[in-house]
Each structure stands twice: as structure tokens, then as C-alpha cells.
Amino acid sequence: MALQQRVSAELTALKIGKTFKVVIDRCEGDYYIGRTEFDSPEVDPEVLIPKSEGNLKFGEFYEVKITDADDFDLYGTLVSE
């Protein structure tokens, strides 16, 4: 499991600074939770977007720039249109 955690951390770190199309799945605490168009639910990293970014709709796609990452999650902000 430690090896998987290290591999996951390396892969999520590579996404920092890049922009992805993200679909919003749900809301938890202070974040909207989504996933990139390339990721599957429950097996790939989730993208956490602060609620302060706006009123996002579940099932909708948004352009999100990844600003940070931890072992299993990505953090991002909406890209201005």
C-alpha cells in the first residue's frame, strides 16, 4: 500500500499547473468534488474545488486548473472564461 501511495502521489503531482475538464459529482464540506474527463469514479483521483469558486451544478463540466495535489486528490480553481 505504501508503494501505491507513493506512485499515486507522483502521478497527481504531474497534474499541478494543468487545466482539465472536470465533471462535478457532489459536494462535501467546503468543496465541490469532481473528476477529470479521463478519470473513473471511486478508483481515480478526485478534484476538490472550493465552494467559494461559485455555484457549480452536479453533472456539469467546468474547466479547472489544478493548483495542488496530495497522495490521492487534486485541488483546483475554475478557469475564467
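Up top you'll find the structure we're talking about.
Report on the accompanying structure. One numbering rule holds for all chains: residues counted from 1, following each sequence as written. Local features are withheld for residues below a pLDDT of 70 in this predicted model, meaning they are given only at 70 or higher, and side-chain atom pairs are given and counted only at 80 or more; totals for whole chains, interfaces and linings count all residues. Derived side-chain values reflect all non-hydrogen atoms in the structure, with water molecules and hydrogen atoms excluded from consideration.

**With respect to the pairing of strand β5 (residues 73-78)**
To keep it simple, the criterion reads: Two strands pair under a simple rule: DSSP has to find at least two bridges between them. Only DSSP runs of H or I with at least four residues qualify as helices, and only runs of E with at least two residues qualify as strands; both kinds are numbered from the N terminus onward.
Where strand β3 (residues 46-50) meets β5, three bridges bridge the pair, whose relative direction is parallel. Residue Val47 lies in a different strand from β5, and its bridge partner there is Leu74. Summarising the sheet, strand β4 (residues 61-69) and β5 pair through five bridges and their orientation is antiparallel. Across the sheet, Asp68 pairs through a bridge with Tyr75, a residue of β5. With antiparallel pairing between neighbouring strands as the criterion, β4 and β5 make up a hairpin whose turn holds three residues.

**Describing the sheet that holds strand β1 (residues 19-28)**
We count it as follows: Here, axes are lines fitted to C-alpha atoms. For helices the fit covers the stretch in contact, and angles between N-to-C directions go from 0 to 180 degrees.
Spatial ordering of the closed barrel is given by β1-β2-β3-β5-β4, a layout of five strands whose pairing is mixed. Along the sheet, successive strands turn relative to each other by an average axial angle of 55 degrees, direction set aside.

**Here's the deal with the packing of aromatic side chains**
Here is the rule we go by: Classification of ring pairs uses Phe, Tyr and Trp, with its six-membered ring standing for Trp, and accepts pairs whose centres are within 6.5 Å; under 30 degrees between planes counts as stacked, over 60 as edge-to-face, and the remaining range as tilted. Burial status follows relative accessibility: with a 1.4 Å probe on protein chains alone, a residue under 20% of its type maximum counts as buried, one over 50% as exposed, and anything between as partly exposed. Charges are assigned to positions over rings by a cutoff of 6 Å between ring centre and Lys NZ or Arg CZ, combined with an angular limit of 35 degrees from the ring normal.
For the structure shown, the criterion picks out one aromatic pair. A ring pair is formed by Tyr31 and Tyr75, whose centres lie 6.1 Å apart and whose planes are at 65 degrees; its orientation type is edge-to-face. Separated by 44 residues along the polypeptide, Tyr31 in strand β2 (residues 31-36) and Tyr75 in strand β5 bring together distant segments of the chain. In this structure Tyr31 comes out as partly exposed when scored by relative accessible area, which is 30%. Lying across the ring of Phe20, Lys15 places its NZ or CZ 5.9 Å from the centre. It is Lys21 that lies over the ring of Phe61; its NZ or CZ is 5.7 Å from the centre.

**A few points about the pattern of salt bridges**
Pairing of side chains with opposite charge becomes possible as their charged atoms draw close. Keep this limit in mind: We count a salt bridge whenever a side-chain nitrogen from Lys or Arg sits within 4 Å of a carboxyl oxygen from Asp or Glu.
Under the counting rule described, the total for this entry stands at four salt bridges. With a shortest N-O distance of 2.6 Å, Glu28 and Arg26 are connected by a salt bridge. Its relative accessible area of 43% is what places Glu28 among the partly exposed residues. Classification of Arg26 as partly exposed rests on a relative accessible area of 28%. Residues Glu46 and Arg26 are paired through a salt bridge, measuring 2.8 Å at the closest nitrogen-oxygen approach. Taken as a pair, Glu46 in strand β3 and Arg26 in strand β1 lie far apart in primary sequence, 20 residues in all. Residue classification places Glu46 among the partly exposed positions, given a relative accessible area of 25%. In this structure, a network of salt bridges that share partners links the residues Arg26, Glu28 and Glu46.

By themselves, these observations are geometric and do not establish any function.
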